[in-house]
Amino acid sequence: ITQQQYARERAAFGLRMLEGIDLEQLSLESQLDLRTMCAQSIDYCLRQHWIEFADNRLRLTHQGVMFADAVAAEFLG
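Values in this document were obtained by computation on a predicted structure and should not be read as measured data.

Caption draft 1: Main features of the packing of helix α1 (residues 3-14) against helix α6 (residues 68-76). Two elements in contact, α1 and α6, have axes separated by 8 Å at closest approach and are oriented at 170 degrees. Relative to α6, α1 is oriented roughly antiparallel. From α1, Arg8, Glu9, Ala11 and Ala12 reach across to α6, where they touch Ala72, Glu74, Phe75 and Leu76. Its residues assigned to classes, the contact of α1 with α6 comprises 5 nonpolar, no polar and 3 charged.

Caption draft 2: Representation of unusual backbone geometry within the structure. Positive phi, close to 60 degrees, is recorded for Gln31, a residue that is not glycine. When you line up the elements, Gln31 lands in the loop between α2 (23-30) and α3 (34-37). Non-glycine residue Asn56 carries a positive phi angle of around 60 degrees. Residue placement: Asn56 occurs in the loop between β2 (51-54) and β3 (57-60). When its relative accessible area of 32% is taken as the criterion, Asn56 is described as partly exposed.

Rules of the game
- For every chain, the first residue of the written sequence is number 1, and numbering continues from 1 onward in sequence order.
- Only residues with pLDDT of 70 or above have their local features reported here, since the model is predicted, and side-chain atom pairs are shown and tallied only from 80 upward, although totals for entire chains, interfaces and linings are computed over all residues.
- Here the side-chain values reflect all heavy atoms present in the structure, with hydrogen atoms and water set aside.
- Axes here mean lines fitted to C-alpha atoms, for a helix over just the part in contact, with angles spanning 0 to 180 degrees between N-to-C directions.
- By the criteria applied, helices consist of DSSP H or I runs no shorter than four residues and strands consist of E runs no shorter than two, each listed in order from the N terminus.
- By the definition adopted for this analysis, an angle is roughly parallel if under 35 degrees, roughly antiparallel if over 145, roughly perpendicular if from 65 to 115, and oblique otherwise.
- We call two residues in contact when some of their heavy atoms are within 4.5 Å.
- When residues are sorted by character, Ala, Val, Leu, Ile, Met, Phe, Trp, Tyr, Cys and Pro go into the nonpolar class, Asp, Glu, Lys and Arg into the charged class, and all the rest, Gly among them, into the polar class.
- Using a 1.4 Å probe on the protein chains alone, a residue whose accessible area is under 20% of its type maximum counts as buried, one over 50% counts as exposed, and one in between counts as partly exposed.

Take a look at the structure:
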């Protein structure tokens, strides 16, 4: 898979974890900036209150847990 596919899949499935994903670590692993690459998806999910930033991590909100599949689809899209 490409680096971009790797980063997107890692984000989509990492967000399902309670601690979310470490954006800095993902950038080091994929050599891509997820904030730039997935800016539209991040913005959309933030507006829906499905995700939040916390200590350089991106994670599901309490409400977002109920929409985890939709969040994953946004990042895989």
